[in-house]
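So the chains spell out like this:
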Amino acid sequence: MKIAIIGGGAVGLLFAHYLNENHDVRIYVRNSIQLNKLHKNGLTIERNGIRSSTRVKSCHFSEWKGEEDLTIVAVKQYSIPDLTIDLLKMDACKSGSFLFLQNGMGHLKWAEMLGADNLFVGSVEHGALKTAPDTVIHTGVGVTKVAALKGDVDFLKKISDSASCFFPFILVEDHLEMLIQKLIVNCLINPLTAVLRVRNGELLSNKYYYQLFLKLFEEVSAILKITDKTAALSHVKSVCKETGMNRSSMLKDIEEGRETEIDAILGYILKEAEMKKMTAPYTESLYCQIKGRERGK
């Protein structure tokens, strides 16, 4: 399968490496420095302390023509509006297939603007850290869940059937259930680790942080009207344990002075709470602290 990947962040590089093993992959980026490094050095991945480099086709985003069988959109949530507008200016977005890999829920309305034959959304549960424009560390092996907004998710069986054991895919039917499950994980782990400045596992091992973890879970799950709270909490704790030594993407964004995805995560929860006339003191406190640190940077 011919696959385009738009976005050269940690997730985009991780997908480029593993999918390039069995497919014809081309990664599209906007940053000329990154593009030059990928041309010169190839793509380097590190897993379990072992590094390897491979050649991956790379181009500037302006060269994307929608000629691939599948286009994977791996930019941050806050980049989706501008990217969608750019894609809508290209006739190529009126056909073909797209897979969106953002956190939160805000990208759904933008994805649905594309007149593509197949529209998919994914939930990435791997740990990944970009340490250089051409280098990514696979810090935690997880799964990628994918579901269809439009079309048939079986279109992606070529990818799931050929996937590396270190990069498995799961095809699921209900995209909303999948994204809400991921949203709960993002709501708890990302903001708490970013504010407390700790690794993921400390949210469980430190009894005071764990109290905050549970309070926030109760608030978020009530706002989202989660029926099986036991299963939801178990899933979040499992992800927290599996990625225990990782530093969350939001913590890294704060440390490196980048914009975070807090609006797409806790911002979404606050809007839901407002519509349902519910209070959300823990969510609001964390949201304001993250926004304050963004502005401080």
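Residues numbered from 1 in each chain as written. Predicted model: local features only at pLDDT ≥ 70, side-chain atom pairs only at ≥ 80, totals over all residues. Heavy atoms only, no water.

What follows is about the overall build of the chain. What the chain contains, in helices and strands, is 12 helices and 12 strands. Overall size of the chain, expressed as C-alpha extent along the three principal axes, is 50 × 40 × 40 Å. Counting over 297 residues, the chain shows a buried share of 52%. Averaging the coordinates of the 38 positive side-chain charges in the chain and doing the same for the 35 negative ones gives two points 6 Å apart. (Helix = DSSP H or I, 4+ residues; strand = E, 2+ residues; numbered from the N terminus. Buried < 20%, exposed > 50% of the residue type's maximum accessible area, 1.4 Å probe, protein only. Lys, Arg positive; Asp, Glu negative; His and termini not counted. Charge placed at Lys NZ, Arg CZ, Asp CG, Glu CD.)

To continue, consider the nonpolar core. The nonpolar side chains of a soluble globular protein tend to be buried, and buried together. Counting residues in each nonpolar core, the largest one holds 57 residues, and the members touching the most others are Leu87, Phe98, Phe100, Ile184, Cys187, Leu188 and Phe213. Setting aside anything within four residues of it in sequence, one finds Leu188 in contact with Leu203, Phe213, Leu216, Phe217 and Val236. Core analysis: the second largest hydrophobic core is formed by 33 residues, Val29, Leu35, Ile45 and Leu70 among them. (Core = buried A, V, L, I, M, F, W, Y, C linked by side-chain atoms within 4.5 Å. Contact = heavy atoms within 4.5 Å.)

Our focus in this paragraph is the packing of aromatic side chains. All told, the structure shown has 8 aromatic pairs when counted by the stated rule. Aromatic side chains Phe15 and Phe167 sit 4.8 Å apart centroid to centroid with 85 degrees between the ring planes, which places their arrangement in the edge-to-face category. Taken together, the positions of Phe15 in helix 1 (residues 10–19) and Phe167 in the loop between helix 5 (157–162) and strand 12 (169–171) put the pair 152 residues apart, joining distant regions of the chain. The pair formed by Phe15 and Phe167 is uniform in burial state, with each residue classed as buried. Measuring from centroid to centroid gives 5.8 Å for Tyr210 and Phe213, while their planes differ by 25 degrees, and the two rings are stacked. A residue pair is termed a helical-turn pair when its members lie 3 or 4 positions apart in one helix, as Tyr210 and Phe213 do in helix 8 (residues 207–223) at 3 residues. Pairwise contacts between aromatic rings join Phe15, Tyr18, Phe167 and Phe169 into one cluster. (Phe/Tyr/Trp six-rings, centres within 6.5 Å; stacked < 30°, edge-to-face > 60°.)

The pairing of strand 3 (residues 43–47) with strand 4 (residues 50–54) spans 5 bridges and is antiparallel. Residue pairing across strands places Ile45 opposite Ser52, the latter belonging to strand 4. Between strand 3 and the antiparallel strand that follows it, strand 4, lie 2 residues; Asn48 among them carries a positive phi value of about 55 degrees. (Pairing = 2+ DSSP bridges.)

Attention shifts here to the side chain of His175. By the element assignment, His175 lies in helix 6 (residues 175–196). The buried category is assigned to His175, whose relative accessible area is 18%. Setting aside its immediate chain neighbours within four residues, His175 contacts Leu108, Val121, Ala147, Ala148 and Leu149.

Bringing the pattern of salt bridges into the picture now. According to the stated counting rule, one finds 14 salt bridges in the structure shown. The partner of Lys157 in a salt bridge is Asp161, with the nearest N and O atoms 3.9 Å apart. With a gap of 4 residues between them, Lys157 and Asp161 both fall in helix 5, about one helical turn apart. When its relative accessible area of 36% is taken as the criterion, Lys157 is described as partly exposed. Classification of Asp161 as exposed rests on a relative accessible area of 57%. Arg258 is the partner of Asp253 in a salt bridge, and the nearest nitrogen-oxygen pair spans 2.8 Å. Note on Asp253: relative accessible area 3%, which makes it buried. Overall, Arg258 belongs to the partly exposed group, its relative accessible area being 37%. Ionic contacts of the salt-bridge type, sharing partners, join the residues Lys76, Asp253, Glu256, Arg258 and Glu261 into one network. (Salt bridge = Lys/Arg side-chain N within 4 Å of Asp/Glu carboxyl O.)

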